[in-house]
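Letter by letter, the chains look like this.
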Amino acid sequence: MTRISDMLDEEQRHEGKDLERGLKDRHIQLIAIGGAIGVGLFLGSAKAISKAGPALLLTYAFAGLAVFFIMRALGELLIHRPVAGSFAIYAEEYVSPWAGYVTGWTYWFTWIVTGMAELTAVGVYVHYWFPDVPQWIPALVTLVVLYGANLIAVKVFGEMEFWFAIIKVVTIVAMLLIGLAIIFFGVTDLGKTASFSNLWSHGGFAPMGMVGVVLTLQIACFAYTGVELIGVTAGEAQNPEKVLPHATNSVTWRILIFYIGALIVLMSLVPWNELNPNMSPFVTVFEKIGIPAAAGIINFVVITAAASSCNSGIFSTGRMLYTLAQFGQAPAALGKISKTHVPANAITLSAAVMLVGVALNYIVPEEAFVYVTSVATVGAVWTWGIIVWAHLKYRQAVARGEAKAVFFRMPGAPYANWFVLAFLLLVTGFLAFDAGTRVALYVAPAWFALLTVGYQMSKSRSGNGALASETSR
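Since we're looking at a predicted model, the values are computed, not measured. (Residues numbered from 1 in each chain as written. Predicted model: local features only at pLDDT ≥ 70, side-chain atom pairs only at ≥ 80, totals over all residues. Heavy atoms only, no water.)

K.L.:
How should I be thinking about the overall build of the protein in this particular structure?
P.N.:
Counting its secondary structure elements, the protein contains 19 helices and zero strands. Classification of the 473 residues of the protein by burial places 57% in the buried group. Of the accessible surface of the protein, which amounts to about 18200 Å², a share of 67% is contributed by carbon and sulfur atoms. (Helix = DSSP H or I, 4+ residues; strand = E, 2+ residues; numbered from the N terminus. Buried < 20%, exposed > 50% of the residue type's maximum accessible area, 1.4 Å probe, protein only. Areas by Shrake-Rupley, 256 points an atom, 1.4 Å probe, with all protein chains shown as cover.)

Quick look at the structure:
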């Protein structure tokens with residue numbers, strides 16, 4: 001353990017010289033908020049409401065509790081070692097070299113696939129205004145712009161993501177304020193029927209029973225995916241000891257307010273059984289309020305949400321490849337830094353793969369793309385599980401005197417760790433109940449087997465590059 005720690009400390013000093021700590025507190029908070037609040041809330045929440053009714057609030061609250069512990073565990077590890085590789089590094093140090101390798105590549109692929117899907121979404125949503133424009137053109141333009149922004153400097157990425165997130169947050173806050181005014185003061189025609197009683201007056205609070213709550217757990221879980229982006233920003237955060245704890249705490253409760261608060265107001269304004277599961281609930285509510293061009297407004301917000309997610313994907317995949325290259329688990333060229341202090345080669349490769357993904361959407365059958373995105377689904381659960389497992393092992397190392405304790409600690413450990421792991425296992429099990437997600441349980445073993453082969457090859461190829469070949473456990 002000592003040798004691993006020494007090597008990682010050297011890597012942290014090396015990284016500090018290469019990467020620029022240009023991300024401020026406001027950047028990091030909005031990056032995490034923007035990563036978690038996306039198309040799922042603005043478009044997909046209607047389908048979740050149709051499956052659970054108002055009891056969906058319990059689903060999001062339960063998943064939010066797990067996310068709170070995940071973020072506190074990650075925050076403690078980030079203060080202990082604020083590096084760009086984040087959870088891949090923690091898995092390497094406190095779980096096993098194999099876990100570090102698998103986590104790094106799985107997280108990279110998770111965001112690559114997410115980026116592919118979001119670029120395709122941009123092309124689809126642009127058709128709302130320009131139906132004759134080929135779908136690949138807006139997707140390509142979006143990728144080029146985001147790629148260029150990520151190459152310039154980390155500050156440019158931070159500013160772009162900040163404003164992307166602001167658009168989403170302003171939309172939700174506007175809906176909350178307008179909605180509360182309608183509920184309390186009865187303004188507009190919608191005020192005649194709007195009431196918090198709509199949460200329990202149409203078949204009860206849980207019209208589908210607890211089955212609806214359980215079967216929507218994975219929807220809520222995946223809706224929160226993206227909060228862990230704070231970990232990827234750690235290597236470029238200004239004053240990480242101050243910024244990261246504040247961002248970790250505030251992001252958790254703000255996301256809970258935006259999700260749960262938005263759902264409470266939405267279902268109070270319009271009864272859950274009157275929301276079209278195939279239409280954004282925001283569009284439905286804005287149209288009933290009488291806001292002109294409601295569908296156009298939400299379409300614009302959804303495009304920015306998709307672009308924001310892709311922007312985060314380019315950033316995070318570039319940093320993860322950079323970290324893998326530092327330890328000999330990816331080509332050395334990907335570990336080089338440009339004059340603007342960004343991992344340009346790693347960013348370029350990630351963007352190029354995303355570009356291939358846009359083309360594949362036209363030439364590969366839809367079923368094949370579902371198989372790929374299923375791996376991304378498992379990748380999100382794997383990453384969260386690794387964070388809390390590595391934290392558990394870190395605390396054990398602290399107890400043995402092999403690691404230093406930090407001032408920012410996760411409450412409830414180790415019981416909270418076991419709670420989160422059990423929750424994630426439960427969510428994984430429920431993937432089998434839906435035909436659209438069941439494929440993930442078939443594809444995941446093949447993916448991890450492929451990574452195991454890649455790990456063995458990288459270990460034998462890089463004599464002293466990877467931690468795994470340098471140490472024995």
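K.L.:
Quick question: what am I supposed to make of unusual backbone geometry here?
P.N.:
Only a minority of non-glycine residues have a phi that is not negative, and only a minority of peptide bonds are not trans. Following A413, the chain continues into P414 via a peptide bond in cis, with omega recorded as 0°. Structurally, P414 is set in the loop between helix 16 (366-399) and helix 17 (415-430). Even without glycine at this site, T188 takes up a positive phi of about 65°. In this structure, T188 sits in the loop between helix 8 (154-185) and helix 9 (209-215). Even without being a glycine, H341 presents a positive backbone phi close to 65°. With respect to the helices and strands, the residue H341 is situated in the loop between helix 14 (294-326) and helix 15 (344-363). The class for H341 is partly exposed, based on a relative accessible area of 33%.

K.L.:
Is there a simple way to think about the pattern of salt bridges in this case?
P.N.:
Pairing between side chains of opposite charge can happen when their charged atoms approach one another. A complete count under the given rule lists four salt bridges for this structure. Among the ionic pairs, E76 bridges to R395, the shortest N-O distance being 2.9 Å. Highlighted residues: E76 in helix 4 (residues 56-80) and R395 in helix 16, separated in sequence by 319 residues. What makes E76 buried here is its relative accessible area of 1%. (Salt bridge = Lys/Arg side-chain N within 4 Å of Asp/Glu carboxyl O.)

K.L.:
Explanation requested: the layout of surface pockets in the structure shown.
P.N.:
The gaps of empty space that remain are located by a probe, the size of a water molecule, rolled over the atoms. Estimated volume of the second largest pocket: approximately 320 Å³. If you go around the second largest pocket, you meet 17 residues; those closest to its centre are V381, W382, L424, L425 and T428. Looking at the lining of the second largest pocket, the elements with two or more residues in it are helix 16, helix 17 and helix 18 (435-461). Among the elements that take part in the lining of the second largest pocket, helix 16 stands out by supplying seven residues, more than any other. Classifying every residue of the lining of the second largest pocket by side-chain character gives 14 nonpolar, three polar and no charged. (1 Å grid on protein atoms, 1.4 Å probe; cavity = no way out; pocket = protein on both sides within 12 Å on 5 of 7 lines; lining within 4 Å. Points joined across faces, edges and corners; volume = space filled by probe spheres on them. Nonpolar A, V, L, I, M, F, W, Y, C, P; charged D, E, K, R; others polar.)

K.L.:
Help me understand the nonpolar core, please; the structure alone is not making it clear to me.
P.N.:
Taken as a class, soluble globular proteins show a tendency for nonpolar side chains to be buried jointly. In this structure, Y60, I172, L269 and F282 are the most contacted members of the largest nonpolar core, which totals 149 residues. Every residue in contact with F282, bar those within four places of it in the chain, is listed here: L41, F42, I172, M175, A262, L266 and I298. (Core = buried A, V, L, I, M, F, W, Y, C linked by side-chain atoms within 4.5 Å. Contact = heavy atoms within 4.5 Å.)

K.L.:
Looking at this model, I keep getting lost on helix 13 (residues 281-289). Mind explaining?
P.N.:
A turn of α-helix holds 3.6 residues, and therefore any two residues three or four places apart point the same way. Among the nine residues that make up helix 13, seven are buried, leaving the element largely enclosed by the rest of the structure. For helix 13, the complete set of buried residues consists of P281, F282, V283, T284, V285, F286 and I289. On its buried face, helix 13 is in contact with helix 3 (39-52), helix 8, helix 12 (240-269) and helix 14.

K.L.:
I keep staring at the packing of helix 7 (residues 136-152) against helix 8 and nothing clicks. Help me out?
P.N.:
Helices that pack against each other are described as a pair by the angle of their axes relative to one another and the distance between those axes. Across the interface, helix 7 lies against helix 8 with an axial gap of 7 Å and an inter-helix angle of 130°. Judged on the interaxial angle alone, helix 8 and helix 7 are oblique. Of helix 8, the residues touching helix 7 (which contributes V145, L146, A149, N150 and I152) are V156, F157, M160 and F164. Its residues placed into classes, the contact of helix 7 with helix 8 shows eight nonpolar, one polar and no charged. (Axes fitted to C-alpha atoms, helices over the stretch in contact; angles between N-to-C directions. Parallel < 35°, antiparallel > 145°, perpendicular 65-115°, else oblique.)

K.L.:
Any chance you could explain the environment of A73 here in plain terms?
P.N.:
Examined against the element boundaries, A73 turns out to sit in helix 4. Sequence spacing of A73 and A390 is 317 residues, and the spatial spacing of their C-alpha atoms is 8.8 Å.

K.L.:
Can you walk me through empty space enclosed by the protein in this structure?
P.N.:
Overall, the coordinates contain two cavities of 30 Å³ or more when judged by the stated rule. Forming the walls of the largest cavity are A88, I89, E92, G100, T323, L324, F327 and Q329. By residue class, the composition of the lining of the largest cavity is four nonpolar, three polar and one charged. Secondary-structure elements contributing two or more residues to the lining of the second largest cavity are helix 6 (97-126) and helix 16. Grouping the constituent residues of the lining of the second largest cavity by class yields four nonpolar, three polar and one charged.

Any functional reading would require information that these geometric values do not contain.
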